[in-house]
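Commentary on secondary and tertiary structure
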Amino acid sequence: MKQPKQRYSRVKSKLKRMTISILTIFILLVSVHYLSTANLNPVIKPAIAETKQDIPKSNSIKTNLSTQDLSYVLINPETNQILKSHNPDTQRAPASTLKLITGLIAIDVLKTTDIIKVGTEVNVEGSRLGLRPGDQISVQNLLTALYVNSSNDAAAALAVKISGSIPAFAQRMNEYAATLGCQNTHFTTPHGMPEPGQYTTANDLSKIALQFIENEELMGFVQEVSAHVQWTDAEGILHNAYLQNTNRLLEVYPGDKGLKTGTTTEAGQCLVTYVSRPDGDLLLVLLGSKQRYEDTILLLDETWAEQRPKAALKGLAKDPRSLILSPGLF
């Protein structure tokens, strides 16, 4: 007959093994959940960059914005709720971010199959496709160049086709912006090159961006990482151009759906970013930055960290099982 001491020792040993097994299974489950929901961020370097600024990885150690003399508005586009803002109503030069409204007007007036014969309006400085007076090009190719390469000559060609002159188109831009509720905005060009009296605010530009993301056709252009466009010159010779998107967050920041870059000495570094993920959407308008990609990633990462627990708790109230299914909790 076994002694009580021996039986106690065996029971104790079994309980210990069971405890270790349960703890091991729990750790494995948590690890699998964490790996399946981790913010993986492979960096893909584009062939052509608008600046030489390196893009930090998401969740990198950075706690301060590049400057306090910037403006931003971060919005939940599903509810239009402003989640974060800083200097949202400060009037600033928009640079090429105003091309968002240029395209909104163009897509409403023109067909993408329309062919435009350009004039001297394409003799503009800054980023260019390379059009010359007398060239013929489709609206499809102009919009591609406008949003992939941020081409100023494409913007000018669209403006003159629609309104007959740059000033007339600028007036149309201002009227359109007013219908969206923009109260601190005045445009004088379709491309954003510096001019006296041309300004917007992060708050106003967010209203334009919210309108833009509702247009599926335009959203297709801003998400193209690279593109091929072609046109014919006055002698009928075919020209081709292969473009790389100026937005370096595309295919780098998880869920990034593009929108618009902008850079001038007056405006600083600007970036409008729309991100869509299974756990929500965010729209960020950033103007006057010194490190736009770092600032954008910092603001977006902070907001994801704040929003995920709220979304998880909201789901938990409806279905307790959502606790183990919510991303970002572990």
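Our subject in this report is the structure included herewith. All of these numbers come straight from a predicted model, not from anything done at the bench.

1. With respect to unusual backbone geometry
- Notably, Asn 80 is not glycine yet its phi reads approximately 65°, a positive angle.
- Positionally, Asn 80 belongs in the loop between strand S1 (71-76) and strand S2 (81-86).
- Using a relative accessible area of 49% as the deciding quantity, one classes Asn 80 as partly exposed.
- Even without a glycine there, the phi angle at Ala 95 is positive, about 50°.
- Within the element layout of this structure, Ala 95 appears in the loop between S2 and helix H2 (99-109).
- The class for Ala 95 is buried, based on a relative accessible area of 1%.

2. Brief notes about the pattern of salt bridges
- In this structure the tally under the stated criterion is four salt bridges.
- Linking Glu 306 and Lys 84 is a salt bridge whose minimum nitrogen-to-oxygen distance equals 3.2 Å. In this pair, Glu 306 is assigned in helix H8 (residues 292-318) and Lys 84 in strand S2, connecting sequence segments 222 residues apart.
- The exposure class assigned to Lys 84 is buried, which follows from its relative accessible area of 16%.

3. Structural notes on the packing of aromatic side chains
- Per the counting criterion, the structure on display carries one aromatic pair.
- Summarising the aromatic geometry, the rings of Tyr 147 and Phe 212 are spaced 5.4 Å apart at their centres and angled 75° between planes, so their arrangement reads as edge-to-face. One end of the pair, Tyr 147, is in helix H3 (residues 139-148); the other, Phe 212, is in helix H6 (residues 202-212), and 65 residues separate them in sequence.

4. What about the pairing of strand S6 (residues 238-244)?
- As judged from the seven bridges shared by strand S5 (residues 226-232) and S6, these two strands associate in the antiparallel manner. By the bridge assignment for S6, Gln 230 is matched with Asn 240.

5. Remarks on the side chain of Asp 135
- With respect to the helices, strands and loops of the structure, Asp 135 is situated in the loop between strand S3 (115-117) and strand S4 (136-138).
- Of the side chains with opposite charge, Arg 132 comes closest to the buried, unpaired Asp 135, at an N-O distance of 4.7 Å.
- In this structure the side chain of Asp 135 is engaged in a polar contact, spanning 2.7 Å, whose partner is the backbone nitrogen of Arg 132.
- Within the structure, the side chain of Asp 135 is placed 3.2 Å from the side chain of Trp 231, a separation counted as a polar contact.
- Here Asp 135 is in contact with Ile 116, Lys 117, Val 118, Gly 130, Trp 231, Thr 232, Asp 233 and Ala 234, once residues within four sequence places are set aside.

6. Quick notes on the side chain of Ser 71
- Relative to the helices and strands, Ser 71 is located in strand S1.
- On the basis of relative accessibility, which here comes to 0%, the residue Ser 71 falls in the buried class.
- A polar contact of 3.0 Å, which involves the side chain of Ser 71, links it to the side chain of Arg 92.
- Discounting residues that sit within four places of it in the chain, Ser 71 has contacts with His 86, Asn 87, Thr 90, Arg 92, Ala 202, Val 285, Leu 286 and Leu 287.

7. A few points about the sheet that holds S1
- What the five strands build is an open sheet, ordered S2-S1-S9-S8-S7; its pairing is antiparallel. Each end of this open sheet is capped by a strand with a single partner; those strands are S2 and strand S7 (256-264). For this sheet, the mean inter-axis angle between neighbouring strands, taken without regard to orientation, is 5°.
- On the sheet, H6 packs against S1, S2, S7, strand S8 (268-277) and strand S9 (280-289) and is oriented at approximately 140° with respect to S9.

8. Some thoughts on the packing of H2 against H6
- Between H2 and H6, whose axes approach to 9 Å, the crossing angle comes to 40°. Judged on the interaxial angle alone, H6 and H2 are oblique. Note on packing geometry: the crossing formed by H2 with H6 is left-handed. Between H2, through Leu 100, Ile 101 and Leu 104, and H6, the contact on the second element is made entirely by Ile 208, Ala 209, Gln 211 and Phe 212.
- A breakdown of the residues in the contact of H2 with H6 according to their chemical character gives six nonpolar, one polar and no charged.

9. Side note on the pairing of S8
- A large share of S8 lies buried, amounting to nine of its 10 residues.
- Inspection of the sheet shows S7 paired to S8 by seven bridges, in the antiparallel sense. Bridge pairing links Gly 262 to Cys 270 in S8.
- What sits between S7 and S8 in their antiparallel hairpin is a turn of three residues.
- Sheet topology note: the S8/S9 ladder contains eight bridges and is antiparallel. In the strand pairing of S9, Ser 276 is matched with Asp 281.
- As consecutive antiparallel partners, S8 and S9 are separated by two residues.

What counts, and at which threshold
Residues numbered from 1 in each chain as written. Predicted model: local features only at pLDDT ≥ 70, side-chain atom pairs only at ≥ 80, totals over all residues. Heavy atoms only, no water. Helix = DSSP H or I, 4+ residues; strand = E, 2+ residues; numbered from the N terminus. Buried < 20%, exposed > 50% of the residue type's maximum accessible area, 1.4 Å probe, protein only. Salt bridge = Lys/Arg side-chain N within 4 Å of Asp/Glu carboxyl O. Phe/Tyr/Trp six-rings, centres within 6.5 Å; stacked < 30°, edge-to-face > 60°. Pairing = 2+ DSSP bridges. Lys, Arg positive; Asp, Glu negative; His and termini not counted. Polar contact = N/O pair within 3.5 Å; in protein donor to acceptor, adjacent residues only side chain to side chain. Contact = heavy atoms within 4.5 Å. Axes fitted to C-alpha atoms, helices over the stretch in contact; angles between N-to-C directions. Parallel < 35°, antiparallel > 145°, perpendicular 65-115°, else oblique. Left-handed = near helix turned anticlockwise from the far one by under 90°. Nonpolar A, V, L, I, M, F, W, Y, C, P; charged D, E, K, R; others polar.

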